[in-house]
Amino acid sequence: MAMESRNSSAVNGVDIYHLPEGCIANVLSLTCPRDASRLSLVASTFRSAAESDAVWDRFLPPDYRDIISRSSDRPDSVVFGSKKELYLYLCDHPFLIDGGTKSFSLEKRSGKKCYMLAAKSLAIVWADTPRYWRWISLPESRFSEVAELLDVCWFDIAGKINTSMLSPDTNYAAYFVFTTKSRTYGFDHQSAEGALGISGHERKSHTVFLDPEAARRHMYQIVPRRLGLLNQMANILRREVNPPSENEAQARYPQQRSDGWLEVELGEFFVKRGQEVELEMSLTEIKEGNWKSGLVVEGIEIRPKEG
């Protein structure tokens, strides 16, 4: 059986286990971090090659040194024994760049770039008016300040990023990252509108729910008990006469993140190689005019979308 396994590794009479380590490392560098890690479990020859700096330097973004230089708390101040250690650090430790207005990290599976735009770098209508918004510090946030919504009827948040900052030939999505206070209102029966596209061009919008409980009720069509029997019957009739629109049927709902915050997708965009355009992402609720309060905004994250 062992002989069969060794023979099956021969290609055109050449046993790949006898190839120079540098040659194997070059082949592994043409795969992806996940595949290289898997192959390192196959044999000691692969394991040694998969640990080499030549492989992991290819998995790091070409401009990673420039990105790191934009941080006041540079990861390279930590001593790394190898490029693989640096790669894994950048995956697991998002660090601040550009004066703390953004964070940068890598997606561990692919090595693609990920950014989060801090609330301070977003265009938030009325954000500088203490009556409507206030800036606070939270220990669980990666940024020094986050925006707390006190009371607005015109909810309008937007951010921008150039595609030259992102990894090419990649489908990206933007996610609004937030949490809710114990006293949150105005979003329980009211959806918002999320959008992502090229600045200055028409952008496809999506229905977005920001109140987790309201989203759950809408998803499963749960009618609050306090409405009473007559109102419940009227609500059922309205659903039958006015079924949800296609946009409502594809509504986006908040999901819990591993870092404790909530996120909801605003849209997606495929970044072509060599493309340099400015992407704009937004989240608005300006149609109904009802007062809203209780959200805490950390930022908007732009990362590769799986699937």
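Scroll up a little and you will see the structure.
Residues numbered from 1 in each chain as written. Predicted model: local features only at pLDDT ≥ 70, side-chain atom pairs only at ≥ 80, totals over all residues. Heavy atoms only, no water.

Visitor: Is there a simple way to think about the side chain of S293 in this case?
Guide: Tracing the sequence through the fold places S293 in strand β16 (residues 293–304). Of note is the side chain of S293, whose polar atom sits 2.5 Å from the backbone oxygen of L150. In this view, S293 contacts L149, L150, D151, R183, T184, Y185 and F187; residues no more than four positions away in its chain are not counted. (Helix = DSSP H or I, 4+ residues; strand = E, 2+ residues; numbered from the N terminus. Polar contact = N/O pair within 3.5 Å; in protein donor to acceptor, adjacent residues only side chain to side chain. Contact = heavy atoms within 4.5 Å.)

Visitor: Please explain the packing of aromatic side chains as it appears in this structure.
Guide: For any pair of aromatic rings, the description consists of the separation of the ring centres together with the inter-plane angle of the planes. What the rule picks out here adds up to 10 aromatic pairs. Between F95 and F104, the ring centres sit 5.7 Å apart and the planes meet at 70 degrees, which makes this aromatic pair edge-to-face. Taken individually, F95 and F104 each receive the classification buried, so the pair is uniform in this respect. Each ring, one from W133 and one from F155, has its centre 6.3 Å from the other, and the planes form 25 degrees; the classification is stacked. Of the two residues, W133 is situated in strand β7 (residues 133–136) and F155 in strand β9 (residues 155–162); the sequence distance between them amounts to 22 residues. Exposure remark for W133: the relative accessible area of 2% places this residue in the buried category. One aromatic cluster is present, formed by W56, F59 and Y87 through successive ring pairs. Sitting over the face of the ring of W135, K120 holds its NZ or CZ atom 4.2 Å from the ring centroid. (Phe/Tyr/Trp six-rings, centres within 6.5 Å; stacked < 30°, edge-to-face > 60°. Buried < 20%, exposed > 50% of the residue type's maximum accessible area, 1.4 Å probe, protein only. Lys NZ or Arg CZ within 6 Å of the ring centre and 35° of its normal.)

Visitor: Explain the environment of P33 to me, please; I cannot follow it from the model alone.
Guide: Tracing the sequence through the fold places P33 in helix α3 (residues 33–39). Given a relative accessible area of 4%, P33 falls into the buried group. For the pair formed by P33 and S110, sequence separation is 77 residues and the distance between their alpha carbons is 6.0 Å. When neighbours within four sequence positions are excluded, P33 is seen to be in contact with W56, F59, Y87, K108, R109, S110 and G111.

Visitor: Sorry, what's going on with the sheet that holds strand β6 (residues 123–124) here?
Guide: Picture the strands of a sheet paired through backbone hydrogen bonds; they go either parallel or antiparallel. Pairing within the open sheet is antiparallel, and its 5 strands lie in the order β6-β9-β15-β11-β12. With partners counted over all chains shown, the strands left at the sheet margins are β6 and β12 (204–208), one partner each. Bridge count for strand β11 (residues 192–198) against strand β15 (residues 278–285) is 6 bridges, and the pairing is antiparallel. Bridged to L196 within β15 is M281. (Pairing = 2+ DSSP bridges.)

Visitor: Explanation requested: the pairing of β9 in the structure shown.
Guide: Remember that side chains alternate between the two faces of the sheet whenever the strand is regular. Bridge analysis of β6 against β9 gives 2 bridges, and the strand direction is antiparallel. The residue of β9 that forms the bridge with A123 is A158. As paired elements, β9 and β15 share 8 bridges and run antiparallel to each other. Across the sheet, residue G159 finds its bridge partner in β15, namely M281.

Function cannot be read off these values alone, since they describe shape.
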